[in-house]
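# Structural overview for review
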Amino acid sequence: MATVKLTDVGKSYGPVEVLRDINLDVDQGELVVFVGPSGCGKSTLLRMIAGLERITAGTLEIGGQVVNDVPPSQRGIAMVFQSYALYPHMTVRDNMAFGMKIAKKPKDEINRAVENAARMLQLTPFLDRLPKALSGGQRQRVAIGRAIVRDPKVFLFDEPLSNLDAALRVATRIEIAQLKERLADSTMIYVTHDQVEAMTLASRIVVLHGGIIEQVGPPLDLYERPANTFVARFIGSPAMNLFEGKVERVGNATAVRLPGGGIVEVPLPSNGAQPGEKVSLGVRPEDLTVRPDGETIYQGQVSIVEGLGEHTLLYMDRTNDDDAVIAKMPGVQRIERGATVNLNAPPDKLHLFDERGLSYLYR
Amino acid sequence: MNPMVQGLVTIIVGVGGCVGYFYFANMVLDRVLYPASGPNAGANINKANRIRPWLFLLPAIVALGLYLVYPVIGSFYRSLFDRSGFNFIGLGNYSSLIADGEFRMSLRNNLLWILVVPAASTFFGLLAAQLTDRLSWGNIAKSLIFMPMAISFVGASLIWKFVYANNPDIGLINALRALLGADQAVDVLQIPFWNNFFLMFILIWIQTGFAMVILSAALRGIPEETVEAAVLDGANPFQIFFKIKVPQIMGTIVVVWTTITILVLKIFDIVYATTGGNFGTQILPSYMMAYMFRDDGRATAVAFVIMIIVLPVMIWNIVQARKEMR
């Protein structure tokens with residue numbers, strides 16, 4: 001029942017269109033993460049689902065009912081804000097109870113709901129404190145508790161971890177994952193710009209860019225089968241390396257001629273591509289290996305070595321543009337700065353994108 | 001001396017005096033009193049640093065002592081003497097004040113002013129701040145409401161004297177009455193008891209702008225997310241205003257309220273310029289004015305009463321303002 005369905009949803013401020021053609025089905029019990037760079041419209045989309053922003057095109061359904069013009073409090077949603085948005089003059093208990101008090105629920109029912117939520121989030125000792133007497137992590141737990149007390153059909157999270165320090169962020173992320181397990185039936189939509197949060201929490205990720213959806217899918221699908229160069233470079237860190245090239249031979253596999261002169265066979269069908277077409281060959285840094293000889297995707301001089309112990313990052317300056325090629329090697333590598341290395345990758349780890357940046361996988 | 005030269009000399013002497021004072025005072029402290037050398041250098045530096053703040057405070061303390069503390073004590077001392085200033089009469093001025101019916105009326109009127117004006121100004125200011133916030137022409141409305149702040153109390157009193165004038169050709173109130181068919185003009189400033197409120201209205205008219213500006217800034221300082229969270233919690237606009245917004249700016253409301261209260265206790269011009277304290281509108285400062293230069297002992301006694309009334313409000317005001325700044 002608690003599905004969220006967006007059909008051709010758009011948002012414009014006067015002549016400025018910030019979101020368009022958003023089509024998305026969120027099933028009950030899913031945790032869908034909206035991810036994208038700043039200004040991609042992900043927060044706006046969440047606020048439209050919440051009812052804090054008007055929907056200017058398309059329809060939004062929650063639980064099978066069109067809610068475009070339903071006031072926020074009656075949509076059956078609860079939202080956790082980046083800045084917690086706790087009422088500073090109310091105790092933790094009153095903060096969590098405010099919604100139910102407004103709805104004039106009976107006192108014992110309110111108390112039960114608040115105490116349940118407090119127990120779930122280990123907030124019981126703090127119920128009579130004011131928000132200013134809590135740490136950042138505790139405040140965010142109160143904000144989550146306030147959402148739980150409302151017993152919503154859909155939870156909305158707007159970058160809930162951005163205001164926390166790094167260690168607390170990891171801890172709270174795990175808490176949210178555990179919360180999701182305990183509230184298995186509830187639907188959650190989560191906005192973040194942090195791809196680690198997206199990868200670890202999401203059952204499905206929605207990648208937004210420039211007001212449109214670039215790709216929707218489970219985290220590892222997006223990692224292994226990105227639909228275009230944007231998703232390819234956005235998911236995964238460091239970002240995927242892209243090498244410009246030209247189609248050499250077509251068929252069930254596509255051969256690509258690289259600027260260095262080498263030809264690489266990519267086991268992806270050409271699907272109508274013509275020899276001579278411009279393509280981008282994508283290789284993730286972690287898929288690159290250093291080979292003394294053999295077929296080479298890229299040969300370059302190492303300009304920076306970052307040894308992190310668990311892995312080593314090699315930065316190689318490209319000759320034809322400013323983008324550095326990055327290779328991520330496991331463990332400790334004895335490679336000196338200035339050394340010339342040949343980089344290669346297993347064929348099944350290669351990605352191929354056409355001139356418009358679309359993957360050959362989806363042609 | 002040429003005024004230009006005189007000004008220049010003043011600036012040089014003033015600024016030079018300040019610089020010289022700090023330079024030489026610190027030099028004496030560091031070189032003569034606690035030199036940072038010898039066997040006790042470390043201890044001396046600590047001692048000098050403990051004294052240094054007082055060097056900086058000293059000029060201000062002297063000035064405040066001379067211009068604030070001394071007058072307070074001097075006034076109190078003067079209030080113990082009769083009109084000639086030579087005969088000590090103890091608290092005689094105070095006991096005759098209490099016995100005076102006009103003083104008691106002034107006290108009552110002043111209490112009315114304290115109750116009504118700050119409450120009304122703050123209320124209307126808050127209302128104006130909230131209502132103008134979302135309007136496209138809100139800033140114009142705000143300027144109009146704020147404008148009376150720029151008018152002197154005497155000027156405002158004269159404007160309102162015209163509004164209240166006992167003549168339908170001049171006074172707005174009587175013009176309205178005439179429009180509604182009244183054939184006799186009334187002088188609203190002579191209606192016993194209620195005339196106090198007509199005078200208070202002048203100050204409310206002036207102070208609403210002040211309250212509005214401060215409260216408007218405070219309202220804008222409320223995090224928008226708390227309002228959005230309340231919207232999601234199902235609060236209606238009234239609940240958002242009274243349960244979310246007002247509690248969050250309570251500190252500012254108290255500061256505005258007490259600031260206006262202190263101002264009300266000092267107000268004198270409005271009564272003086274409109275009724276001159278007649279028709280039962282006397283308040284303490286204008287009552288004091290009536291005795292000034294005729295019986296300075298008694299006038300200073302009134303001044304002292306006013307100060308004692310203002311003091312607790314002022315302390316509360318400062319405490320609140322400091323809390324706000326944190």
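Residues numbered from 1 in each chain as written. Chains lettered and ligands numbered in written order. Predicted model: local features only at pLDDT ≥ 70, side-chain atom pairs only at ≥ 80, totals over all residues. Heavy atoms only, no water.

## Some details on the confidence of the model for chain B
- Taken residue by residue, chain B gives an average pLDDT of 89. The fraction at 70 or more is 100%.
- Both scores are given for the predicted complex: the pTM is 0.78, the ipTM 0.84. (pLDDT = per-residue confidence, 0-100.)

## Here's the deal with the interface of chain B and chain A
- Chain B puts 15 residues into the contact, and the matching count from chain A is 20 residues.
- Together chain B and chain A conceal approximately 1500 Å² of surface at their shared face, both sides included; 67% is due to carbon and sulfur atoms.
- Here chain B is connected to chain A by 2 salt bridges.
- Between Arg150 of chain A and Asp233 of chain B there is a salt bridge, and its shortest N-O distance comes to 3.5 Å.
- For the interface between chain B and chain A, the tally reads 6 residue pairs in polar contact (both at pLDDT 80 or more).
- Listed by contribution, the elements that provide at least two residues to the side of chain B that touches chain A are helix 9 (224-232) and helix 10 (237-248) of chain B.
- By residue number, the principal contributor to the side of chain B that touches chain A is helix 9 of chain B, which donates 7 residues.
- Of the residues belonging to the side of chain B that touches chain A, the class tally is 7 nonpolar, 4 polar and 4 charged. (Contact = heavy atoms within 4.5 Å. Buried area = accessible area lost by both parts, 1.4 Å probe. Salt bridge = Lys/Arg side-chain N within 4 Å of Asp/Glu carboxyl O. Polar contact = N/O pair within 3.5 Å; in protein donor to acceptor, adjacent residues only side chain to side chain. Helix = DSSP H or I, 4+ residues; strand = E, 2+ residues; numbered from the N terminus. Nonpolar A, V, L, I, M, F, W, Y, C, P; charged D, E, K, R; others polar.)

## Re the side chain of Asn317 of chain B
Residue and element names in this part refer to chain B.
- Among the structural elements, Asn317 can be located in helix 14 (residues 296-325).
- Side-chain polar atoms of Asn317 contact the side chain of Thr259, separated by 3.0 Å.
- Each residue touching Asn317, except ones within four places of it in the same chain, is listed here: Val255, Thr258, Thr259 and Ile262.

## Concerning the sheet that holds strand 9 (residues 204-209) of chain A
Residues and elements named next belong to chain A.
- Strands sit in the order 6-7-8-3-9-10 across an open sheet of 6 strands; the sheet is mixed. Two strands lie at the open edges of the sheet, namely strand 6 (77-80) and strand 10 (212-217), each paired on one side alone. Taking the axes of each pair of neighbouring strands and ignoring which way they run, one obtains an average angle of 20° across the sheet.
- Both strand 3 (residues 31-35) and strand 9 contribute to a ladder of 4 bridges, which runs parallel. Across the sheet, residue Val35 finds its bridge partner in strand 9, namely Val207.
- Taken strand by strand, helix 4 (residues 136-149) contacts strand 6 and strand 7 (154-158), and its axis lies near 175° from that of strand 6. (Pairing = 2+ DSSP bridges. Axes fitted to C-alpha atoms, helices over the stretch in contact; angles between N-to-C directions.)

## Digging into the environment of Arg220 of chain B
Residues and elements named next belong to chain B.
- Within the secondary structure, Arg220 is located in helix 8 (residues 194-220).
- Those residues in contact with Arg220 that lie beyond four places of it in its chain are Asp133 and Lys142.
- A polar atom in the side chain of Arg220 sits 3.0 Å from the side chain of Asp133.

## A closer look at the sheet that holds strand 4 (residues 57-62) of chain A
Residues and elements named next belong to chain A.
- The antiparallel open sheet is built from 4 strands, whose spatial order is 2-1-4-5. Because the sheet does not close on itself, it has two edges, and the strands there are strand 2 (16-26) and strand 5 (65-66).
- Here strand 1 (residues 4-13) runs beside strand 2; their pairing, made up of 7 bridges, is antiparallel. The residue bridging Lys5 from the neighbouring strand is Asp25, located in strand 2.
- Together, strand 1, strand 2 and strand 4 form the strand contacts of helix 1 (residues 42-50), whose direction differs from that of strand 1 by roughly 115°.

## Focus on the packing of aromatic side chains
Residue and element names in this part refer to chain B.
- For the structure on display, the rule yields 23 aromatic pairs over all chains.
- The structure contains a cluster of three or more aromatic residues connected by ring pairs, namely Trp160, Tyr164, Phe198, Phe201 and Trp205.
- Lying over the aromatic face of Tyr291, Arg294 brings its terminal NZ or CZ to 5.3 Å of the ring centre.
- Just above the ring of Tyr291 sits the side chain of Arg298; from NZ or CZ to the centre is 4.6 Å. (Phe/Tyr/Trp six-rings, centres within 6.5 Å; stacked < 30°, edge-to-face > 60°. Lys NZ or Arg CZ within 6 Å of the ring centre and 35° of its normal.)

## Brief notes about helix 9 of chain B
- Residues of helix 9 of chain B that are buried include every one of Thr226, Val227, Glu228, Ala229, Ala230 and Leu232 of chain B, and no others.
- Elements that come into contact with the buried residues of helix 9 of chain B comprise helix 1, strand 6, helix 2 (92-102) and helix 4 of chain A together with helix 10 of chain B.
- Within two residues after helix 9 of chain B, Gly234 of chain B carries a phi angle of roughly 95°, on the positive side. (Buried < 20%, exposed > 50% of the residue type's maximum accessible area, 1.4 Å probe, protein only.)

## A closer look at the pairing of strand 13 (residues 263-266) of chain A
All names here are of chain A.
- With burial as the criterion, only one face of strand 13 is covered, namely that bearing Val264 and Val266; the residues Ile263 and Glu265 on the opposite face remain uncovered.
- Here strand 12 (residues 254-257) pairs with strand 13 via 4 bridges, running antiparallel. Bridge assignment links Arg257 to a residue of strand 13, and that residue is Ile263.
- Here strand 12 hands over to strand 13 after 5 residues, with Gly261 in that stretch at a positive phi of 105°.

## A few points about the nonpolar core
- Counting 99 residues, the largest nonpolar core has Leu6, Phe34, Leu156 and Ile189 of chain A together with Trp113 of chain B as the members making the most contacts within it.
- Ignoring sequence-local partners within four residues, the contact set of Trp113 of chain B consists of Pro118, Asn196, Leu199, Met200, Leu203, Val264, Ile267, Ile270, Val271 and Ile283 of chain B.
- Judged by nonpolar contacts, the second largest core, of 45 residues, contains Leu31, Phe157, Met188 and Ile205 of chain A. (Core = buried A, V, L, I, M, F, W, Y, C linked by side-chain atoms within 4.5 Å.)

## Quick look at the domain arrangement of chain B
Residues and elements named next belong to chain B.
- For chain B, the domain assignment lists domain 1 (3-78) and domain 2 (92-325).
- Taken together, the contact between domain 1 and domain 2 spans 4 residues of the former and 6 residues of the latter.
- The largest share of the area that domain 1 buries against domain 2 comes from Val72, Phe76 and Arg78, three residues that together contribute 84% of it.
- Where domain 1 touches domain 2, the interface holds 0 residue pairs in polar contact (both at pLDDT 80 or more).
- Looking at the side of domain 1 that touches domain 2, its residues break down into 2 nonpolar, 1 polar and 1 charged. (Domains from an automatic or database assignment.)

## Description of the pattern of salt bridges
Residue and element names in this part refer to chain B.
- The tally for this structure, following the rule as stated, stands at 19 salt bridges over all chains.
- Measuring nitrogen to oxygen at the nearest pair gives 3.2 Å for the salt bridge that ties Arg52 to Asp30. Taken together, the residues span a long stretch of sequence, with Arg52 in helix 2 (residues 41-78) and Asp30 in helix 1 (residues 3-33) at a distance of 22 residues.
- Among the residues examined, Arg52 registers a relative accessible area of 19% and is labelled buried.
- A residue is classified by how much of its surface remains accessible, and Asp30, at 31% relative accessible area, is partly exposed.
- Its salt-bridge partner being Asp133, residue Arg220 comes within 3.0 Å of it at the nearest N-O pair. Taken together, the residues span a long stretch of sequence, with Arg220 in helix 8 and Asp133 in helix 4 (residues 101-133) at a distance of 87 residues.
- By relative accessible area, Arg220 is classed as exposed at 52%.

## Details of unusual backbone geometry
All names here are of chain A.
- Cis geometry marks the peptide bond from Ser237 to Pro238; its omega dihedral reads -5°.
- Its identity as a non-glycine residue notwithstanding, Asp21 has a phi of 50°, on the positive side.
- Exposure remark for Asp21: the relative accessible area of 52% places this residue in the exposed category.

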